[in-house]
Amino acid sequence: MRLSIGSYQIYVYAAVLALLSFWVARLTVDDAKKSGQSAGHVPDYYSIDYEKWEMDGEGQVKSHLKAAKVTHYQDDNTTHFEQPVMLLYDTAVEPKPPWQIQAEQGILSADRKQLLLQGQARIQRAAAGKNRALTINTSDLTVLPDEAYAHTQAWAELLSPPHRTEGIGMKLWYEQPVSIELFANVKGHYEFK
């Protein structure tokens with residue numbers, strides 16, 4: 001049996017198509033590696049205007065989390081947030097204004113114990129009783145909700161009018177007793193009457 005030129009063309013086209021497909025697939029994997037994602041790092045679900053409440057053993061609100069968008073990735077079991085806002089309540093304190101922590105982006109670890117807040121972050125607590133209002137401006141904040149603790153290596157500014165303190169690096173324990181530490185280059189402006 002003899003093959004005609006047309007028969008060979010089909011095999012040549014099939015081989016070229018196979019090589020082209022292999023090349024495109026390889027480019028896709030290389031691009032994913034360059035961007036820091038695995039080829040399997042795709043969302044398995046998402047939610048718009050997300051809200052979640054968590055209660056303590058007494059049935060009181062312990063935390064309230066809101067975000068413009070939430071995306072979950074199955075390959076590493078992380079949850080990514082756009083514009084997250086967390087309200088954290090200390091149920092042992094009366095009156096109890098919540099701590100509000102917000103940022104541009106956030107990533108919740110697979111074990112749900114660490115929330116990495118990326119970009120500009122703000123921590124606020126309203127005045128109540130003997131406690132003055134407090135605002136902390138910083139960036140790249142790590143929050144450990146189970147430990148009522150947050151820290152950053154970035155610049156942080158503490159505002160409790162009329163006082164202002166700033167420094168590089170910060171630790172915050174936001175349940176009683178509240179404690180804040182600044183690491184380096186600490187400067188402050190205080191007014192006493």
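None of these values were measured; they are calculated from a predicted model.

Chemist: Hey, could you run me through the overall build of the protein in this one?
Modeler: Of regular secondary structure, the protein possesses 1 helix and 10 strands. Starting at the N terminus and walking to the C terminus, you meet the elements of the protein as α-β-β-β-β-β-β-β-β-β-β. Burial analysis of the protein (193 residues in total) assigns 31% to the buried set. Accessible surface for the protein amounts to roughly 12600 Å². Of this, 55% is attributable to carbon and sulfur atoms.

Chemist: Can you help me understand the environment of Thr-165 in this one?
Modeler: Relative to the elements of secondary structure, Thr-165 occurs in strand β9 (residues 163-173). For Thr-165, a relative accessible area of 12% corresponds to the buried category. It is 9.1 Å that separates the C-alpha atoms of Thr-165 and Leu-182, two residues lying 17 residues apart in sequence. Residues within four places of Thr-165 in sequence aside, it is in contact with Ala-156, Glu-157, Leu-158, Leu-182, Val-186, Lys-187, Gly-188 and Tyr-190. Side chain to side chain, Thr-165 and Tyr-190 meet in a polar contact 2.7 Å long.

Chemist: Help me out: how do you make sense of the side chain of Thr-135 in this one?
Modeler: Tracing the backbone through its elements, the reader meets Thr-135 in strand β7 (residues 134-144). Relative accessible area serves as the criterion here: at 17%, Thr-135 is assigned to the buried category. Excluding residues within four positions of it along the chain, Thr-135 makes contact with Arg-122, Ile-123, Gln-124, Glu-157, Leu-158 and Leu-159.

Chemist: What is the right way to look at the layout of surface pockets in this model?
Modeler: Any empty space left between atoms is shown by rolling a water-sized probe over those atoms. Its volume calculated, the largest pocket comes out at about 530 Å³. In terms of lining residues, the largest pocket is bounded by 24 residues, among which Lys-52, Glu-54, Ser-63, Leu-65 and Pro-145 are the most central. In terms of residue count, the dominant contributor to the lining of the largest pocket is strand β1 (residues 43-55) (5 residues).

Chemist: Would you explain the packing of aromatic side chains in this entry?
Modeler: Each aromatic ring pair is specified by the distance between its two centres and by the angle formed by the two planes. In the structure shown here, the tally under the stated rule is 3 aromatic pairs. Measuring from centroid to centroid gives 6.5 Å for Trp-99 and Tyr-174, while their planes differ by 55°, and the two rings are tilted. Pair noted here: Trp-99 is in strand β5 (residues 99-108) and Tyr-174 is in the loop between β9 and β10 (179-189), with a separation of 75 residues, a long-range link. Note on Trp-99: relative accessible area 4%, which makes it buried.

Chemist: Which parts of the structure should I look at to understand the pattern of salt bridges?
Modeler: If charged atoms from side chains of opposite charge come close, those side chains can pair. The final tally for this structure, using the stated rule, is 2 salt bridges. The residue Arg-164 makes a salt bridge to Glu-157 at a minimum N-O spacing of 2.8 Å. The partly exposed category is assigned to Arg-164, whose relative accessible area is 28%. For Glu-157, a relative accessible area of 13% corresponds to the buried category. Residue Glu-166 is joined to Arg-164 by a salt bridge in which the shortest nitrogen-to-oxygen separation is 2.7 Å. Bridged by salt links that share partners, the residues Glu-157, Arg-164 and Glu-166 form one connected network.

Chemist: Just checking my understanding: could you explain the side chain of Ser-109 for this structure?
Modeler: Mapped onto the fold, Ser-109 is located in the loop between β5 and β6 (115-125). Here the side chain of Ser-109 touches Lys-113 through a polar contact of 3.4 Å, landing on its backbone nitrogen. In this structure Ser-109 touches Asn-77 and Gln-114, once residues within four positions along its chain are discounted.

Chemist: When you look at the pairing of β6 in this model, what are you seeing that I'm missing?
Modeler: The two faces of the sheet receive side chains in turn, since in a regular strand these alternate between them. Where β5 meets β6, 9 bridges bridge the pair, whose relative direction is antiparallel. When the sheet's bridge partners are listed, Ile-101 is paired in β6 with Ile-123. Counted between consecutive antiparallel strands, the loop separating β5 from β6 contains 6 residues, among which Arg-112 sits at a positive phi close to 65°. Where β6 and β7 come together, 9 bridges link them in antiparallel fashion. Counted as the bridge partner of Ile-123 is Ile-136 from β7.

What counts as what
- Residues numbered from 1 in each chain as written.
- Predicted model: local features only at pLDDT ≥ 70, side-chain atom pairs only at ≥ 80, totals over all residues.
- Heavy atoms only, no water.
- Helix = DSSP H or I, 4+ residues; strand = E, 2+ residues; numbered from the N terminus.
- Buried < 20%, exposed > 50% of the residue type's maximum accessible area, 1.4 Å probe, protein only.
- Areas by Shrake-Rupley, 256 points an atom, 1.4 Å probe, with all protein chains shown as cover.
- Contact = heavy atoms within 4.5 Å.
- Polar contact = N/O pair within 3.5 Å; in protein donor to acceptor, adjacent residues only side chain to side chain.
- 1 Å grid on protein atoms, 1.4 Å probe; cavity = no way out; pocket = protein on both sides within 12 Å on 5 of 7 lines; lining within 4 Å.
- Points joined across faces, edges and corners; volume = space filled by probe spheres on them.
- Phe/Tyr/Trp six-rings, centres within 6.5 Å; stacked < 30°, edge-to-face > 60°.
- Salt bridge = Lys/Arg side-chain N within 4 Å of Asp/Glu carboxyl O.
- Pairing = 2+ DSSP bridges.

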